[in-house]
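The lines below spell out each chain.
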Amino acid sequence: MKVLLFADPGIDDSLAIIYALLHPEIELKGIVTGYGNVSVFDATRNASYLLALAGRTDIPVIRGTSQPLSGMHTIFYPEIHGPEGLGPIIPPEDFKADIYPFELMFEIIEKDLEDIVIVDVGRQTTLAFAYNLRPELMEKVKEIYLMGGAFMVPGNVTDIAEANFWGDPIATSVILNKAKKIYITPLNVTNRAIVTRDIAKFIFNHTSSPYKYLIPAVTDYYAAFYDQVMPGIDGSPVHDVFTLYYLMNKEKAYTIKRDVRIAIVDGSRGQSIADLRMIYKEPEHEHYIVMDFDYNDFIADFIRVNLGAD
């Protein structure tokens, strides 16, 4: 599976990058960074650092957007992801990220247009820009995967909105209206994709991965935040990892097809809306919402990938 990953690492984005790098059936073609959990500059450095740890500097890192299309003030989350975005992990002061030009993103897509899929686990601003700059190309991409939204469950940045869709609802709307086929992994499922401290320790004790020390460190840091907002889980949801898991394991999840739209105005900003009644109008768009999954299969897959097992 050839994947172009849009991300804003961030702890859970970092775990998603690691998952993509270690998964034997994923070929990571590039990482496009953006603002979100941290600034676009921190996100770019973090993505480059994670690639360097694994000796994968052959994978290009492309710096994307630094603020939402609305121009609204951007809120970062150092209390969740740490001041540098990787929890307790701080890249060396002299580490320099190799940044590729924005146009390379389109070259990557054109080269593998029949096979490549786009996974966006951050704010969707950069991806929306891509649709505005090269609509004739982007509308041919066969599948887009978005981590975002909350359907019939509370949000995580407001009572109704999830952070990625709230961060730039205009950009999300662009993608929902323009993309050929979209799969959405909302908080309905990602909030239950929990990696516990014990699982992180187990991976540490049984892997020789270049991320051996990083995984338990960032998991524990992330879990400390979730101890306050989701007490009792003894771990943390890995929202962005789940999106990649779903990409590779669609048949193991329950997915519904509905038209999805995003509220843009203040008050309900970022709310994800779909007709979830028993009888509903046939969708006009190819929007698919993941509603349920097998946790045991997810966590077994997470462990297997991080151990490097077949």
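Here's a quick rundown of the structure. Since this is a predicted model, take the numbers as computed values, not measurements.

### Concerning the overall build of the protein
Phase 1: When helices and strands are tallied, the protein shows 13 helices and 12 strands.
Phase 2: In summary, the protein has a C-alpha radius of gyration of 18 Å against a globular reference of 19 Å for 310 residues, a match within 12%.
Phase 3: Taken along its principal axes, the extent of the C-alpha atoms in the protein is 50 × 45 × 40 Å.
Phase 4: Looking at the protein as a whole, 58% of its 310 residues are labelled buried.
Phase 5: In the form shown here, the protein has an accessible surface area of approximately 13,000 Å², with 52% of it arising from carbon and sulfur atoms.

### Concerning unusual backbone geometry
Phase 1: Here the amide bond leading from Pro9 into Gly10 is cis, since omega sits at 0 degrees, within 30 degrees of zero.
Phase 2: Considering the arrangement of structural elements, one finds Gly10 in the loop between β1 (2–7) and α1 (11–22).
Phase 3: Look at Met152: it is not a glycine, yet its phi comes out positive at around 65 degrees.
Phase 4: You can see Met152 is positioned in the loop between β5 (144–147) and α7 (163–167).
Phase 5: Given the relative accessible area of 67%, Met152 is considered exposed.
Phase 6: Located in the positive-phi region is Asp234, a residue other than glycine, with phi close to 50 degrees.
Phase 7: Relative to the helices and strands, Asp234 resides in the loop between α11 (214–229) and β8 (235–237).

### Focus on the environment of Gly30
Phase 1: By the secondary structure assignment, Gly30 is in strand β2 (residues 27–33).
Phase 2: Expressed as a C-alpha distance, the spacing of Gly30 and Asp42, which sit 12 residues apart in the sequence, is 17 Å.

### What about the packing of helix α12 (residues 239–248) against helix α13 (residues 295–307)?
Phase 1: Relative to each other, α12 and α13 sit at 95 degrees, their axes nearing to 11 Å. It follows that α12 is roughly perpendicular to α13 by the angle criterion. Residues Val241, Phe242 and Tyr245 of α12 lie in contact with α13, whose contacting residues are Asp297, Phe298, Asp301 and Phe302.
Phase 2: Grouping the amino acids of the contact of α12 with α13 by side-chain chemistry returns 5 nonpolar, no polar and 2 charged.

### Examining α13
Phase 1: Here α13 contains 13 residues, and its C-alpha end-to-end distance of 18 Å stays within 8% of the 18 Å for a straight helix at 1.5 Å per residue.
Phase 2: Listed as buried for α13 are Asp297, Phe298, Ile299, Asp301, Phe302, Ile303, Val305 and Asn306.
Phase 3: Packing partners of the buried residues in α13 comprise α1, β7 (194–196), α10 (197–206), α11, α12 and β12 (287–293).
Phase 4: Where α13 begins, the side chain of Asp294 points an oxygen toward the backbone nitrogen of Asn296, at a separation of 3.0 Å.
Phase 5: At the C-terminal side of α13, Gly308 shows a positive phi close to 75 degrees.

Calculation notes
- Residues numbered from 1 in each chain as written.
- Predicted model: local features only at pLDDT ≥ 70, side-chain atom pairs only at ≥ 80, totals over all residues.
- Heavy atoms only, no water.
- Helix = DSSP H or I, 4+ residues; strand = E, 2+ residues; numbered from the N terminus.
- Rg over C-alpha atoms; globule rule 2.2 N^0.38 Å.
- Buried < 20%, exposed > 50% of the residue type's maximum accessible area, 1.4 Å probe, protein only.
- Areas by Shrake-Rupley, 256 points an atom, 1.4 Å probe, with all protein chains shown as cover.
- Axes fitted to C-alpha atoms, helices over the stretch in contact; angles between N-to-C directions.
- Parallel < 35°, antiparallel > 145°, perpendicular 65-115°, else oblique.
- Contact = heavy atoms within 4.5 Å.
- Nonpolar A, V, L, I, M, F, W, Y, C, P; charged D, E, K, R; others polar.
- Expected span 1.5 Å × (residues − 1).
- Polar contact = N/O pair within 3.5 Å; in protein donor to acceptor, adjacent residues only side chain to side chain.

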